[in-house]
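What the coordinates show
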Amino acid sequence: MNLLLLGHGKTGSLVEQVARERGHNVDVLTSQQNPHASALTADRLRGIDAVIDFTNPEAVLENMAACTRTRTPMVIGTTGWYQHLDEIERQVRSAGAALLYGSNFSVGVNVFFEIVAAAAAGVTQGYAPQIVERHHATKKDAPSGTAVSMQRIVSEVAKVKPEITSVREGETVGTHVLLLDSQNDTMMLVHDARNRRGFAEGAVRAAEWLKGKTGFYEFRKIYRELT
């Protein structure tokens, strides 16, 4: 596949490495090379099978709009824009484009989401839920997209919206905890990322899965179909 990577930070640089290891051609545009999505012209996107975005919450909206206009498939690893989710979905479906987003592209985290959904049943039995997430000091959004997904999952299952506590320190890759507390005991579910490679592998596999499709997808709902 011919992939265009937007963003070349901690995770973006690993996406490039993984994509090349899997036999894909990769071009990269940094934020400086693509201000306000100005580089995402029809000519530039011609022949691109998928765009993978790991930029920031401000840039990603303009990048999605540009790719939607040309119907270039997009995989969005950037978080912090979900207040616009319904609007973006309408635009993508109306244009007949393809977009796959995820708060976290680690397969392990998405298995963890299913465990969170099962454990959330405890809320109806008197357990009080709380979410804690820790990330590196330079992470731009808080709470993390993964924590927001956990909150949404618990809310869907138990009709209770747990509080999220965010911690930013050092070089922490990403730790997410669901606490379920009662008078009798406490349950603690933890996902701790050792490195960012799992995120990168998931994003590249998502781009492979998206090829030839149209529609609006969430990684959490399709990750079992990856090859």
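Keep in mind that this is a model prediction, so the values were computed, not measured.

**Topic: the pairing of strand β2 (residues 25-29)**
- Where strand β1 (residues 2-6) and β2 come together, five bridges link them in parallel fashion. Counterpart to Leu6 in the pairing with β2 is Leu29.
- Each parallel crossover has a hand, and for β1 linked through helix α1 (residues 10-21) to β2 it is right-handed.

**As for the nonpolar core**
- Formed by 26 residues in total, the largest nonpolar core has its most connected members in Leu3, Val15, Ile52, Val75, Leu100, Phe105 and Phe219.
- Going through the elements one at a time, β1, α1, β3 (50-53), β5 (98-101), α7 (197-210) and α8 (219-222) are the ones with two or more residues in this core.
- Per-element accounting of this core gives the leading share, seven residues, to α7.
- Setting aside its immediate chain neighbours within four residues, Val15 contacts Leu5, Ile52, Phe54, Ala200, Ala203 and Val204.

**What to know about the packing of α1 against α7**
- Two elements in contact, α1 and α7, have axes whose closest approach is 8 Å; the angle formed by their N-to-C orientations is 55°. Classified by the angle their axes make, α1 and α7 are oblique. Crossing geometry of α1 relative to α7 is assigned as right-handed. Mapping the contact onto sequence places Thr11, Leu14, Val15, Gln17, Val18, Ala19 and Glu21 in α1 and Arg197, Phe199, Ala200, Glu201, Ala203 and Val204 in α7.
- Classifying every residue of the contact of α1 with α7 by side-chain character gives eight nonpolar, two polar and three charged.

**Examining the packing of helix α5 (residues 107-119) against helix α6 (residues 145-158)**
- Direction vectors running N to C along α5 and α6 enclose 30°, while the axes themselves pass 9 Å from each other. Accordingly, the angle class assigned to the pair α5 and α6 is roughly parallel. Both α5 and α6 take part in a crossing whose hand is right-handed. Across the interface between the two elements, Val109, Phe112, Phe113, Val116 and Ala117 of α5 pack against Thr146, Ser149, Met150, Ile153, Val154 and Val157 of α6.
- For the contact of α5 with α6, a count of residues per class yields nine nonpolar, two polar and no charged.

**Considering the packing of aromatic side chains**
- Applying the stated criterion across every chain, the model contains seven aromatic pairs.
- When the ring of Phe219 is compared with that of Tyr223, the centres are 6.5 Å apart and the planes differ by 35°; the resulting orientation is tilted. Tyr223 carries the same exposure label as Phe219, and that label is buried.
- Lying across the ring of Trp209, Lys213 places its NZ or CZ 4.3 Å from the centre.

**A word on helix α4 (residues 85-95)**
- Among all positions of α4, only Leu85, Ile88 and Val92 are buried. Projected onto a plane normal to the axis of α4, the buried residues spread over an arc of 65° and lie on a single side. With respect to the buried face of α4, the exposed residues turned more than 90 degrees away are Asp86, Arg90 and Ser94.
- Buried residues along α4 sit in contact with α3 (57-70), β5 and β10 (215-218).
- Positioned one or two residues after α4, Gly96 has a phi angle of 70°, which is positive.

Here is what the cut-offs are and how they apply
- Residues numbered from 1 in each chain as written.
- Predicted model: local features only at pLDDT ≥ 70, side-chain atom pairs only at ≥ 80, totals over all residues.
- Heavy atoms only, no water.
- Pairing = 2+ DSSP bridges.
- Helix = DSSP H or I, 4+ residues; strand = E, 2+ residues; numbered from the N terminus.
- Right-handed = clockwise from strand over helix to strand, strands pointing away.
- Core = buried A, V, L, I, M, F, W, Y, C linked by side-chain atoms within 4.5 Å.
- Buried < 20%, exposed > 50% of the residue type's maximum accessible area, 1.4 Å probe, protein only.
- Contact = heavy atoms within 4.5 Å.
- Axes fitted to C-alpha atoms, helices over the stretch in contact; angles between N-to-C directions.
- Parallel < 35°, antiparallel > 145°, perpendicular 65-115°, else oblique.
- Left-handed = near helix turned anticlockwise from the far one by under 90°.
- Nonpolar A, V, L, I, M, F, W, Y, C, P; charged D, E, K, R; others polar.
- Phe/Tyr/Trp six-rings, centres within 6.5 Å; stacked < 30°, edge-to-face > 60°.
- Lys NZ or Arg CZ within 6 Å of the ring centre and 35° of its normal.
- Arc of directions from axis to C-beta.

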